[in-house]
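# Chains, contacts and geometry: an overview
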Amino acid sequence: MNIARSFNNWRKYRQTCNELGRMSDRELNDLGIGRGDIQYVARQAVK
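Residues numbered from 1 in each chain as written. Predicted model: local features only at pLDDT ≥ 70, side-chain atom pairs only at ≥ 80, totals over all residues. Heavy atoms only, no water.

### Quick notes on the nonpolar core
Of all hydrophobic cores here, the largest spans seven residues; its members are Tyr13, Cys17, Leu20, Leu28, Ile33, Ile38 and Ala42. Sorting the residues of this core by element identifies helix 1 (2–22) and helix 3 (38–46) as the ones contributing at least two each. (Core = buried A, V, L, I, M, F, W, Y, C linked by side-chain atoms within 4.5 Å. Buried < 20%, exposed > 50% of the residue type's maximum accessible area, 1.4 Å probe, protein only. Helix = DSSP H or I, 4+ residues; strand = E, 2+ residues; numbered from the N terminus.)

### Overview of the UniProt feature "domain: YjiS-like" (unreviewed entry) in the protein chain
The sites that carry the UniProt feature "domain: YjiS-like" (unreviewed entry) are, in the present numbering, residues 3–39. Annotated as 76% helix and 0% strand, the span residues 3–39 places its first and last C-alpha atoms 22 Å apart. (UniProt positions renumbered as here; feature names shortened; annotations may be inferred.)

### Side note on helix 1
The terminal C-alpha atoms of helix 1 lie 30 Å apart, and with 21 residues this matches the ideal 30 Å at 1.5 Å per residue to within 8%. Listed as buried for helix 1 are Tyr13, Thr16, Cys17 and Leu20. An end-on view of helix 1 places all buried positions within 100 degrees of arc, on one side of the element. Every exposed residue of helix 1 that faces more than 90 degrees away from the buried side is listed here: Ile3 and Arg22. In this fold, the buried residues of helix 1 make contact with helix 2 (25–30) and helix 3. (Expected span 1.5 Å × (residues − 1). Arc of directions from axis to C-beta. Contact = heavy atoms within 4.5 Å.)

And the structure:
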């Protein structure tokens, strides 16, 4: 079960990183996220 959960968490992390990475700096700024914060925000989405 832990393997499946870990894989799903990894997929969610990657999906979040990809979606935020496709946004413009202005769109990210509107959300209060800097480009350097994307990985942190994606990790928080997995928790």
